[in-house]
2 protein chains.
Amino acid sequence: MNEVSLQLDTRYVRDERLGDHGLTEEQIGQLTPRTAEILQEIATERKQGQHRFRDLPHEKPQLDEIKQIVEDYRDSTDNLIVLGIGGSALGNIAVQSALNPLTYNLLPNHQRRGPRLFVLDNVDPVYFEAVMQLVEDQWDRTLVNVISKSGETAETSAQFLIVRDRLIKALDEEEARKRFVVTTDASKGTMREIVDREGYRSLTVPEGVGGRFSVLSPVGLLSAAFCGIDLDTLLAGAAAMDEAVSNPDPQANPAATLAMIHHLYMQRSKRIHVMMPYSQQLRDMADWYRQIWAESLGKIRPADKVCVGPTPIKALGATDQHSQVQLYREGPNDKVFTFLEVNEFDCDTIIPMAFEGVEAMEYLGRSDEGTLGGLLSAEKRATELALLASQRPSLTIRFPQINERSVGEFIYLYESVIPIMGKLMAINPYDQPAVELGKLLTFHFMGRKGFEKSPMEG
Amino acid sequence: MNEVSLQLDTRYVRDERLGDHGLTEEQIGQLTPRTAEILQEIATERKQGQHRFRDLPHEKPQLDEIKQIVEDYRDSTDNLIVLGIGGSALGNIAVQSALNPLTYNLLPNHQRRGPRLFVLDNVDPVYFEAVMQLVEDQWDRTLVNVISKSGETAETSAQFLIVRDRLIKALDEEEARKRFVVTTDASKGTMREIVDREGYRSLTVPEGVGGRFSVLSPVGLLSAAFCGIDLDTLLAGAAAMDEAVSNPDPQANPAATLAMIHHLYMQRSKRIHVMMPYSQQLRDMADWYRQIWAESLGKIRPADKVCVGPTPIKALGATDQHSQVQLYREGPNDKVFTFLEVNEFDCDTIIPMAFEGVEAMEYLGRSDEGTLGGLLSAEKRATELALLASQRPSLTIRFPQINERSVGEFIYLYESVIPIMGKLMAINPYDQPAVELGKLLTFHFMGRKGFEKSPMEG
């Protein structure tokens, strides 16, 4: 049996000290039959070709091609620049932060498992030029991965035009061409047209997989592979989680359990969902979560035109104890907390005993928990209990270790919660209609032909 | 007249297209007399020695001593490590991100204005050791600024014990001693005791200035000065803003105007306050804001024991358009947005014309706005209008440029909003009682003497 390593701990949504803010077995039980139906619907729909992201860990589209590109370019690449935004960036950043040192780009070449990685997910010129300055004498050793399904994303297209221009000026047209790998639609759209015209090497955004569900596809995997992350284990973790989240019993299915708990709390006006990793490595994973949660679930519900959806927040333990916990305990009781906890860190640091007689220092080194990891665990435990004392519910997802396996599981788990939540909320989790107007307005302001009339004029 | 350079634009909280979600002149007018009273109260209380943070730009405590420390250590320092958390870290990070390149630590020594800066605001052992690895052969060229008012903060004390141990092992007791500057209480507390015992060089956390209001004191200014930031101009910006936020007419006072708008919206259940800089440099400033907003205003209101307070969120334009704007437009109308916009970036990048006939690429280079800065402005304008079309109110704070002057103004503006909001909300914005239980629990779990009994047992 392909057991998952992540553990979901729901005790502090069920604890009776939560009073009216706790969930009872009865409440969860009442939602269970409908959730079981939803799991069946999803299983059926998968067979009909829906929920395509669920197939990625099994079909592994272009995995060999990704490895081949890394093989072909590794020796000639010291810098990898990813041009992408939203779903074309957040997954890349999250996987890199989780599985490589947070000081990765500061390390000398021989201490890194791959090139320096710059994911340029904004068009701020100061930030952009600061990164350009770092690579300006190294264009011949820089590879650029442009990620855009359509080529219509103004930010990514603008960056692409600038970087292409610099590469051509630094090298020549032919050499510049070799420094691009473009991840885009298999056959249609502006970016595919440009790939064909320029002869760029390319990868494919799998059909039917939206940006925010694409990290386990070539969108997220190329940069990961370049930076030494083991894709097979990452995908094996996701595949293992597929088994767990396919369990037809909602209460034994971690995705269904998460969906039920969040849905029940939303019905009780706890619409702010805080994800708080007690791990610096998982901080950007909470940022990835923030997109999949907000963009999938923040919707006008078709049946009654009501605006629904949770507001996700990323926080960081222990740091945000000194910033947000005052509000979390004494502010409105409108939040559900999800802690990410790590049982065993890749390394730990013993706190030395010093300053005999100064108890405010001495206890730290004397304690059985006297390591930084032990302190971080104690802080997490303290925070969940302090929240409990204020009747604020919290969940914990426990990582035995942070590695490819557990990260793959985590990503797949949270992706899989989404369609269940979508059905419980009676909204479509796969579209993003409200993003459109801003895109049209940007085209209008930037003078794109065909967009002369302001879309605000209706 | 000492004019401020920041502009507050409130048109999109007043626009009639907002319908019921807009504020009328009448509503603002009704709150104005009470707010005028509050401004008078604050002016009176300042004379009585309250609101001490307001005096920092004038009194400039230890400014010469800070400059002297930088002078004394600059030539022997390639790395500056700040050990602090919460208010002892967020300001340092925000000022550095705003006023030095985001690639600062990646630059070679001669391209930086000071040492590499590492603000270690967490106790994650993997993160901690990753930074330790970077400096392990350079302890003799590393300066450590420990920031803790009391010395009771477990995270900072643990880091201090470890770093001290490594410094002693790498150098010797006497040389290690010279690599510390400790910022702590003037006369009392564990950390002051240790400073006296060890003979460390030290700076003072000004009396009566809480951690989250301390960035313009030695707490935030030492690292800034080391990294080449002009403290005099930073403080001059703050001082100029003092004039503006001392204006007794609330509607001509930017702090009072911000407080009134947020208070009115909180009364109408818009309790999520999103700060969304359209500038990578200001991203960490939104994180600083997040603390001052949450920890000051998330409180049990004494009069009726109701849990009140806004939930602050940091977002980033244009990046989060591809992550959060779907929710912001179609999710519950429970948010007020504050954009930070920059008129003139330190540099800008022209988008080249290319791919003739491919309009999805060509318009970007053809446009009068055809720079990254122009595109970012267009995106901001598009987002505020898209929000308006969904009746979501937004404010803009416009920076003519990002520099010491405007950053000083901004910090002082947001600090000054807090006591006004506190009085409007009838809560004490200067305490943080709910943080206490977590600290006690941590002492308990870590085996500190005197904390053997769990504070959960009451």
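As the structure is a computational prediction, the values presented were derived from the model and not from experiment.

Rules behind the numbers
- Residues numbered from 1 in each chain as written.
- Chains lettered and ligands numbered in written order.
- Predicted model: local features only at pLDDT ≥ 70, side-chain atom pairs only at ≥ 80, totals over all residues.
- Heavy atoms only, no water.
- Helix = DSSP H or I, 4+ residues; strand = E, 2+ residues; numbered from the N terminus.
- Rg over C-alpha atoms; globule rule 2.2 N^0.38 Å.
- Buried < 20%, exposed > 50% of the residue type's maximum accessible area, 1.4 Å probe, protein only.
- Contact = heavy atoms within 4.5 Å.
- Areas by Shrake-Rupley, 256 points an atom, 1.4 Å probe, with all protein chains shown as cover.
- Lys, Arg positive; Asp, Glu negative; His and termini not counted.
- Charge placed at Lys NZ, Arg CZ, Asp CG, Glu CD.
- Polar contact = N/O pair within 3.5 Å; in protein donor to acceptor, adjacent residues only side chain to side chain.
- Domains from an automatic or database assignment.
- Salt bridge = Lys/Arg side-chain N within 4 Å of Asp/Glu carboxyl O.
- Nonpolar A, V, L, I, M, F, W, Y, C, P; charged D, E, K, R; others polar.
- Buried area = accessible area lost by both parts, 1.4 Å probe.
- Disulfide = S-S within 2.5 Å.
- Pairing = 2+ DSSP bridges.
- Axes fitted to C-alpha atoms, helices over the stretch in contact; angles between N-to-C directions.
- Phe/Tyr/Trp six-rings, centres within 6.5 Å; stacked < 30°, edge-to-face > 60°.
- Lys NZ or Arg CZ within 6 Å of the ring centre and 35° of its normal.
- Least-squares fit on C-alpha atoms with pLDDT ≥ 70 in both.
- 1 Å grid on protein atoms, 1.4 Å probe; cavity = no way out; pocket = protein on both sides within 12 Å on 5 of 7 lines; lining within 4 Å.
- Points joined across faces, edges and corners; volume = space filled by probe spheres on them.
- Core = buried A, V, L, I, M, F, W, Y, C linked by side-chain atoms within 4.5 Å.

Another aspect to go through is the overall build of chain A. What chain A contains, in helices and strands, is 18 helices and 12 strands. Against the compact-globule benchmark of 23 Å for 458 residues, chain A has a radius of gyration of 23 Å, which places it among compact chains. Here the C-alpha coordinates of chain A stretch approximately 65 × 65 × 50 Å along the principal axes. When burial is assessed residue by residue, chain A has 65% of its 458 residues classed as buried. Long-range pairs, those at least 24 residues apart, make up 76% of the contacts in chain A with a sequence separation of at least 6. When the accessible surface of chain A is totalled, it reaches about 15,400 Å², and 46% of it is carbon and sulfur. Where the 49 positive side-chain charges of chain A centre and where its 66 negative ones centre are 4 Å apart.

Bringing helix α6 (residues 125-135) of chain B into the picture now. Of all 11 residues that make up α6(B), 10 are buried, and the element is covered over most of its length. Listed in full, the buried residues belonging to α6(B) are Pro125(B), Val126(B), Tyr127(B), Phe128(B), Glu129(B), Ala130(B), Val131(B), Met132(B), Leu134(B) and Val135(B). Buried residues along α6(B) sit against α16 (372-389) of chain A together with β2 (79-83), β3 (116-120), β4 (142-147) and α7 (154-170) of chain B. Near the N-terminus of α6(B), the side chain that reaches the backbone nitrogen of Val126(B), with its oxygen 2.8 Å away, is that of Asp124(B).

For the rest of this paragraph, the subject is the domain arrangement of chain A. Residue and element names in this part refer to chain A. Taken domain by domain, chain A consists of domain 1 (7-43 + 234-434) and domain 2 (56-229). Linking domain 1 with domain 2 are one salt bridge. Between Arg 212 and Glu 295 there is a salt bridge, with the nearest N and O atoms lying 3.2 Å from each other. On inspection of domain 1 and its partner domain 2, the count reaches eight residue pairs in polar contact (both at pLDDT 80 or more). If you tally residues by element for the side of domain 1 that touches domain 2, the top one is helix α13 (residues 283-297), at eight residues. Grouping the constituent residues of the side of domain 1 that touches domain 2 by class yields 15 nonpolar, six polar and eight charged.

The interface of chain B with chain A comprises 134 residues on the first partner and 134 residues on the second. Across the chain B to chain A interface the summed buried area is about 11,200 Å²; carbon plus sulfur atoms make up 67%. Per-residue buried area on chain B facing chain A is highest for His322(B), Phe355(B) and Met446(B); these three make up 7% of the total on that side. The tally of links between chain B and chain A comes to two salt bridges. In this structure, Asp320(B) engages Arg290(A) in a salt bridge whose closest nitrogen and oxygen atoms are separated by 3.1 Å.

Before going further, it helps to examine the pattern of salt bridges. Here the structure, examined in full by the defined rule, presents 80 salt bridges over all chains. Note that Asp55(A) is salt-bridged to Arg52(A), the shortest N-O span being 2.9 Å. Take Asp55(A): its relative accessible area is 14%, and that puts it in the buried class. Note that Glu198(B) and Arg164(B) form a salt bridge whose closest N and O atoms lie 3.5 Å from each other. With Glu198(B) in helix α9 (residues 190-198) and Arg164(B) in helix α7, this residue pair connects regions lying 34 residues apart in the sequence. A network of salt bridges, in which partner residues are shared, links Asp9(A), Arg11(A), Glu341(A), Lys380(A), Arg381(A), Glu384(A) and Arg398(A).

Applying the stated criterion across every chain yields a total of zero disulfides over all chains. The cysteine Cys227(B) is free of any disulfide, with Cys347(B) supplying the nearest cysteine sulfur at 20 Å.

With that settled, the discussion passes to the sheet that holds strand β1 (residues 7-9) of chain A. Residue and element names in this part refer to chain A. With respect to topology, five strands assemble into an open sheet ordered β1-β12-β11-β7-β10, the strand pairing being mixed. Strands at the two margins of the open sheet, each flanked by one partner only, are β1 and β10 (311-314). Geometrically, the sheet is characterised by an average inter-axis angle of 20° between neighbouring strands, direction not taken into account. Pairing between strand β7 (residues 272-277) and strand β11 (residues 335-342): six bridges, direction parallel. Across the sheet, residue His 273 finds its bridge partner in β11, namely Val 336. The strands that α16 touches are β11 and β12 (394-399); relative to β11, the one it contacts most, it runs at about 160°.

What you tend to see is this: most non-glycine residues have negative phi, and most peptide bonds are trans. In this chain, Gly317(A) is followed by Ala318(A) through a cis amide linkage whose omega measures -5°. Relative to the helices and strands, Ala318(A) resides in the loop between β10 and α14 (325-330). Backbone geometry at Gln391(A) places phi at a positive 60°, although glycine is not the residue there. Mapped onto the elements, Gln391(A) comes out in the loop between α16 and β12. Positive phi, normally seen in glycine, also occurs at Ser269(B), with a value near 65°. Of note, Ser269(B) is situated in the loop between α12 (254-267) and β7 (272-277).

What follows covers the packing of aromatic side chains. All told, the structure shown has 35 aromatic pairs over all chains when counted by the stated rule. Centroid distance Tyr289(A) to Tyr414(A): 5.7 Å. Interplanar angle 90°. Geometry classified as edge-to-face. Of this pair, Tyr289(A) sits in helix α13 while Tyr414(A) sits in helix α17 (residues 404-425), placing them 125 residues apart in sequence. For Tyr414(A), a relative accessible area of 1% gives the class buried. These aromatic residues form a ring-pair network of at least three members: Trp288(A), Tyr289(A), Trp293(A), Phe399(A), Phe410(A) and Tyr414(A). Directly above the ring of Tyr104(B) sits Arg112(B), whose terminal nitrogen or CZ lies 5.9 Å from the centroid.

What follows covers the relation of the copies chain B and chain A. With an RMSD of 0.0 Å, the fit of chain B onto chain A corresponds to turning through 180° and sliding 0.0 Å along the axis. Seen this way, the second copy is the image of the first under a two-fold rotation axis. When each C-alpha of chain B is compared by its distance to the rotation axis, Leu106(B) comes out closest, at 3.0 Å. The fraction of interface residues of chain B whose copies in chain A are also interface residues reaches 100%, indicating that both copies meet through the same surface.

Bringing helix α5 (residues 90-99) of chain B into the picture now. When you tally the buried positions in α5(B), you get nine out of 10 residues, the bulk of the element. Looking at α5(B), one finds that the buried residues are Leu90(B), Gly91(B), Asn92(B), Ala94(B), Val95(B), Gln96(B), Ser97(B), Ala98(B) and Leu99(B).

In this structure, the largest pocket spans a volume of roughly 840 Å³. Elements that contribute at least two residues to the lining of the largest pocket include exactly α13 and α18 (436-445) of chain A. For the lining of the largest pocket, the leading source of residues is α18(A), giving four residues. A per-class count over the lining of the largest pocket returns 12 nonpolar, 17 polar and nine charged. Looking at which domains feed residues into the lining of the largest pocket, each of domain 1 (7-43 + 234-434) and domain 2 (56-229) of chain A gives three or more. Computed from the structure, the second largest pocket encloses a volume of approximately 720 Å³. When residues of the lining of the second largest pocket are traced back to their parent elements, those giving at least two are α13 (283-297) and α18 (436-445) of chain B. Residue composition of the lining of the second largest pocket, by class: seven nonpolar, 14 polar and six charged.

The residue Gln280(B) is located in the loop between β7 and α13 in this model. Gln280(B) has contacts with Asp121(A), Asn122(A), Asp124(A), Tyr127(A), Leu102(B) and Leu316(B), leaving out every residue within four places of it along the chain.

All names here are of chain B. Taken in spatial order, the five strands of this open sheet run β1-β12-β11-β7-β10, and their pairing is mixed. Lying at the two open borders of the sheet, with one neighbouring strand each, are β1 (7-9) and β10 (311-314). Strand-to-strand, the axes of this sheet are offset by a mean angle of 20°, without reference to chain direction. Of the strand pairs in this sheet, strand β11 (residues 335-342) and strand β12 (residues 394-399) are connected by six bridges, and their pairing is parallel. Paired with Phe 339 across the two strands is Thr 396, which belongs to β12. Here helix α17 (residues 404-425) sits on the sheet and contacts β7, β11 and β12; the angle it forms with β12, its principal contact strand, is near 145°.

Across soluble globular proteins, you tend to see nonpolar side chains buried next to one another. With 294 residues, the main nonpolar core has Trp288(A) and Trp288(B) as its most contacted residues. The contacts of Trp288(B), once residues within four sequence positions are left out, are Leu90(B), Gly91(B), Ala94(B), Arg212(B), Val215(B), Phe410(B), Ile411(B), Tyr414(B) and Glu415(B).

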